[in-house]
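Close look at the chain arrangement
Next come the chains, spelled out residue by residue.
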Amino acid sequence: MEFKKGHSVKLEEVEKIIRDYLPREEGHQRIVIEAMNYSVLAGGKRVRPMLMRETYNYFMNSSSRGDFKGNDKALEHFMSALEYIHTYSLVHDDLPAMDNDLLRRGMPTTHAKYGHAIGVLAGDGLLNYAYEVASNAFASDNYEMIIKALQVLSRKPGISGMLGGQVVDVVNSGNKVDIELLQYIHRLKTSALIQIAMMIGAILAGANDEEVNKIEECALYIGLAFQIQDDVLDVVSTDEELGKPVNSDEKNNKTTYVSIYGIDKAKELVNDYSRKAIDMLESIDGHNEFLVEYIESLINRRK
């Protein structure tokens, strides 16, 4: 109950930050801004901005930080920017040319509500706006850290990260893939944004290169565990529980960890990767009990 209360409070704080940085719905292009905001405000677990802030807190509680004061305002910019990038990817994933989903989080998807063209443009708008918000972090101090954070934010959503994983996924759609290629897809497609979250949280808290590399590996394991759990939920959950149609992977003839290993083995892999993530995190100088509990809660989520 203690964790649930703490999570509820923290989630409200994260939600407020994300809302505060959204664009105002005005001008002749208002319709696309409205669609962008609708996409972001449709809900969600806010996993990535939460992980960013709690990783930041983990390192700020490190005994080696000394008098370093951190950069809370820059953190807000990057938390918001990352959630906008994540949302853009979902908007485009739902399009008819991709997964052709009409429901997400229990609500009509963006293209289902606003039409195909505005759906495409809303995704484009969110991606561009994310970098506009992130670049405004330069109004703060610590330019070197902000440059490092921007490099991570620029690289990992692109062809070497999320987008690259999505390309490999799309090219192999309808084909059976082996476990090595499936892991490659999810290392890029799913883990990349979680790596962004935790790496930027670490960077803005003054972590050194070795610590950032460790947190990158930790986030990789979290991403794999998160994706496998997503595969499991697509089979065992309900439309109402999941907030989107279940069995969509089977409908789209996608290879998943469940289709390769079965439910029981897939669940074991979730636990294995999650334990590796927590062990890696706890090998780094820092402290944040909530972060550890939060990572564990992602394993057992039902939606």
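Here, the structure is the one placed above.
Only a predicted model underlies this, so the values are computations on that prediction, with no experimental measurement involved.

**Looking at the overall build of the protein**
- Tallying secondary structure elements over the protein gives 16 helices and two strands in all.
- Against the globule reference of 19 Å for 303 residues, the protein gives a C-alpha radius of gyration of 19 Å, in line with a compact fold.
- Considered along the principal axes of its C-alpha atoms, the protein spans approximately 55 × 55 × 40 Å.
- Residues counted as buried form 53% of the 303 residues belonging to the protein.
- Of the contacts made within the protein by residues no fewer than 6 positions apart, 75% connect residues no fewer than 24 positions apart.
- Total accessible area on the protein stands at roughly 14,000 Å², and carbon and sulfur atoms take up 50% of it.
- Charge separation in the protein, taken as the distance between the mean sites of 34 positive and 46 negative side-chain charges, equals 2 Å.

**Regarding the side chain of Lys 189**
- Relative to the helices and strands, Lys 189 is located in helix H9 (residues 179-189).
- Engagement of the side chain of Lys 189 in a polar contact is seen with the side chain of Asp 169, the distance being 2.7 Å.
- In contact with Lys 189, not counting residues within four places along its chain, are Gly 161, Met 162, Gly 165, Gln 166, Asp 169 and Lys 254.

**Quick look at the environment of Leu 126**
- Counting through the fold element by element, Leu 126 comes out in helix H6 (residues 116-135).
- On the accessibility criterion, Leu 126 (0% relative accessible area) is buried.
- Placed 13 residues apart in sequence, Leu 126 and Lys 113 show a C-alpha to C-alpha distance of 17 Å.

**With respect to the nonpolar core**
- Ranked by size, the top nonpolar core spans 89 residues in total, and within it Leu 51, Phe 78, Tyr 84, Leu 153, Ile 200 and Leu 204 carry the most contacts.
- If near-sequence neighbours (up to four positions away) are discounted, Leu 153 is found in contact with Phe 78, Ala 81, Leu 82, Ile 85, Tyr 131, Ala 134, Ile 196 and Ile 200.

**Comments concerning the pattern of salt bridges**
- The full count for this structure, using the stated rule, is 14 salt bridges.
- Between Glu 13 and Arg 53 there is a salt bridge, and its shortest N-O distance comes to 2.6 Å. One end of the pair, Glu 13, is in helix H1 (residues 2-20); the other, Arg 53, is in helix H3 (residues 47-60), with 40 residues separating them in the sequence.
- Salt bridges sharing common partners tie together Lys 10, Glu 13, Arg 53 and Glu 54.

**Side note on the packing of helix H11 (residues 209-236) against helix H16 (residues 289-299)**
- Where H11 meets H16, the axes come as close as 9 Å, and the angle between the chain directions of the two elements is 30 degrees. Relative to H16, the element H11 lies roughly parallel. Contacts from Ile 222, Phe 226 and Gln 229 of H11 reach H16 at Ile 295, Leu 298 and Ile 299.
- A breakdown of the residues in the contact of H11 with H16 according to their chemical character gives five nonpolar, one polar and no charged.

**Considering the environment of Ser 62**
- Its place among the elements puts Ser 62 in the loop between H3 and helix H4 (72-93).
- What makes Ser 62 buried here is its relative accessible area of 6%.
- Each C-alpha atom of the pair Ser 62 and Ser 274 lies 22 Å from the other, and the pair is 212 residues apart in sequence.
- Residue contacts for Ser 62: discarding those within four places in its chain leaves Asp 285 and Gly 286.

**Comments concerning the side chain of Asn 288**
- Relative to the helices and strands, Asn 288 is located in the loop between helix H15 (263-282) and H16.
- In this view, Asn 288 contacts Glu 54, Asn 57 and Tyr 58; residues no more than four positions away in its chain are not counted.

**Quick word on the packing of aromatic side chains**
- By the definition in use, this model includes seven aromatic pairs.
- Pairing Phe 138 with Tyr 143 gives two aromatic rings, centres 5.8 Å apart and planes at 75 degrees, and the pair type is edge-to-face.
- Plain terms: the ring middles of Phe 290 and Tyr 294 are 5.8 Å apart, the flat faces sit at 15 degrees to each other, and that makes the pair stacked. One end of the pair, Phe 290, and the other, Tyr 294, are both in helix H16, four residues apart, so they sit about a helical turn from each other.
- Assessed through its relative accessible area of 11%, Phe 290 is described here as buried.
- Cluster of aromatic residues (ring-pair linked, three or more members): Phe 3, Phe 290 and Tyr 294.
- Cation over ring: Lys 113 sits above Tyr 114, and NZ or CZ is 5.7 Å from the ring centre.

Conventions used here
- Residues numbered from 1 in each chain as written.
- Predicted model: local features only at pLDDT ≥ 70, side-chain atom pairs only at ≥ 80, totals over all residues.
- Heavy atoms only, no water.
- Helix = DSSP H or I, 4+ residues; strand = E, 2+ residues; numbered from the N terminus.
- Rg over C-alpha atoms; globule rule 2.2 N^0.38 Å.
- Buried < 20%, exposed > 50% of the residue type's maximum accessible area, 1.4 Å probe, protein only.
- Contact = heavy atoms within 4.5 Å.
- Areas by Shrake-Rupley, 256 points an atom, 1.4 Å probe, with all protein chains shown as cover.
- Lys, Arg positive; Asp, Glu negative; His and termini not counted.
- Charge placed at Lys NZ, Arg CZ, Asp CG, Glu CD.
- Polar contact = N/O pair within 3.5 Å; in protein donor to acceptor, adjacent residues only side chain to side chain.
- Core = buried A, V, L, I, M, F, W, Y, C linked by side-chain atoms within 4.5 Å.
- Salt bridge = Lys/Arg side-chain N within 4 Å of Asp/Glu carboxyl O.
- Axes fitted to C-alpha atoms, helices over the stretch in contact; angles between N-to-C directions.
- Parallel < 35°, antiparallel > 145°, perpendicular 65-115°, else oblique.
- Nonpolar A, V, L, I, M, F, W, Y, C, P; charged D, E, K, R; others polar.
- Phe/Tyr/Trp six-rings, centres within 6.5 Å; stacked < 30°, edge-to-face > 60°.
- Lys NZ or Arg CZ within 6 Å of the ring centre and 35° of its normal.

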